[in-house]
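# Summary of structural features
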Amino acid sequence: MYILGLTGGIGSGKSTIGKWFLEKGIPVYDSDKEAKLLMNENPSLKSQLIDLFGPETYLNNEYNRKFVAEQVFENKEKLAALNAIVHPAVFHHFQEWVSLQNSEFVVKEAAILFESGSYKDCDFILTVAADESIRIQRVMERDQVTQEQVQARIANQWTDEQRIEKSDFVLYNNASLEDLKNQFHKTYKKLLKRIQRS
Ligand code: ATP
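Values in this document were obtained by computation on a predicted structure and should not be read as measured data.

## With respect to the UniProt feature "binding site: ATP" (unreviewed entry) in the protein
- Per the UniProt entry, the sites bearing "binding site: ATP" (unreviewed entry) are G11, S12, G13, K14, S15 and T16 in this numbering.
- Along the chain, the position of G13 falls in the loop between β1 (2–7) and α1 (14–23).
- Setting aside residues no more than four positions away along its own chain, G13 makes contact with G8, V128, A130, N173 and L180.
- Within the fold, T16 resides in helix α1.

## Notes on the site of the ligand
- Taken together, 16 residues lie near the ligand, and K14, S15, T16, R138 and R142 sit nearest.
- Of all the secondary structure elements, the ones that give two or more residues to the shell around the ligand are α1, α6 (132–143) and α9 (177–197).

## Brief notes about the sheet that holds strand β2 (residues 28–30)
- Strand order in this open sheet of five strands is β2-β5-β1-β6-β7, and the pairing throughout is parallel. The open sheet has two edge strands, β2 and β7 (169–172), and neither has a second partner. Here the strands of the sheet are splayed against their neighbours by 20° on average, with no regard to which way each runs.
- Note: strand β6 (residues 124–129) against β7, four bridges, orientation parallel. Each residue of the ladder has a partner; that of T127, found in β7, is V170.
- Here helix α2 (residues 31–41) sits on the sheet and contacts β2 and β5 (105–109); the angle it forms with β2, its principal contact strand, is near 55°.

## Things to note about the nonpolar core
- Counting 20 residues, the largest nonpolar core has L6, I17, V107, L126, V128 and L171 as the members making the most contacts within it.
- The set of elements that each furnish at least two residues to this core consists of β1, α1, α2, α3 (43–53), α5 (76–99), β6 and β7.
- Looking at which element gives the most residues to this core, the answer is β6, with four residues.
- Looking at which domains feed residues into this core, each of domain 1 (1–27 + 104–192) and domain 2 (33–100) gives three or more.
- Setting aside chain neighbours within four positions, we find V128 in contact with G8, S12, G13, K14, I17, L171 and N173.

Cut-offs applied
Per chain, the residues get numbers from 1 upward, laid out in the order the sequence is written. Reporting in this predicted model follows two pLDDT cut-offs: at least 70 for local features of residues, and 80 or more for side-chain atom pairs to be given and counted; totals over whole chains, interfaces and linings ignore these cut-offs and use all residues. UniProt positions are given in the numbering used here, feature names are shortened, and annotations may be inferred rather than shown by experiment. Where helices and strands are cited, they refer to DSSP runs of H or I of at least four residues and of E of at least two residues respectively, numbered from the N terminus. Note on contacts: residues are paired as contacts if their backbone-placed C-beta atoms lie within 7 Å. In this text, near has one meaning. A residue is near a molecule or strand if its C-beta atom, placed using the backbone, is within 6 Å of it. Here, a strand pair is defined by DSSP locating no fewer than two bridges between the strands. Between the N-to-C directions of two axes lies an angle of 0 to 180 degrees, each axis being a line fitted to C-alpha atoms and, for a helix, fitted only over the stretch in contact. In this usage, the nonpolar core is the set of buried Ala, Val, Leu, Ile, Met, Phe, Trp, Tyr and Cys residues whose C-beta atoms join them within 7 Å. Partly exposed residues are those falling between the two cut-offs: more than 12 but fewer than 20 other C-beta atoms within 10 Å of their own, whereas 20 or more means buried and 12 or fewer means exposed, with C-beta atoms placed from the backbone. Note: domain ranges come from an automatic or database domain assignment.

See below:
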């Protein structure tokens, strides 16, 4: 089964495109969502995180994202340790999920597809690119957060240029949703051709 990695910076439009793949009957694995679920529910992952950050990692049995974010902020070693726990757990969960799918290809959606190294497991990569100012505006509206909060997350991610360089397909999301959908349909056809040829 072929794996298409779907990536892009925060607010670029990954989930929007993920929905369009689902509408075409293509299974989509939302890595960010699944990672959050695993951190809340997987007993082995939970105990490893508590060993690393202490009991405050969970507040009323709920993963305390704010606390962990504070611990890893400007602490590269702790961030690397966190990633070394979470990424393999998501990887295994994804492998299990893939084995249950019945489709010519599946989509693995991840904001940090490159940063986490999981792009190496993908056969093709589709990046959604959009200007930073537009992404900041969209996320501020969607999540009711400040410009600084969005910029802090952008600072931890690769740039569009870095992602595009390593991608097979790129969609540019600086205009309307209709424009993005047109690009999506064209790319979808190209992708099917690539899959048939390989
Ligand atoms: P994140 O990395 O934060 O999960 P994402 O890459 O999945 O974000 P989306 O959630 O798809 O991005 O899009 C961000 C927000 O911008 C959403 O509220 C979405 O509806 C909106 N949006 C996306 N593309 C457009 C567009 N072309 N025009 C207007 N709004 C858009």
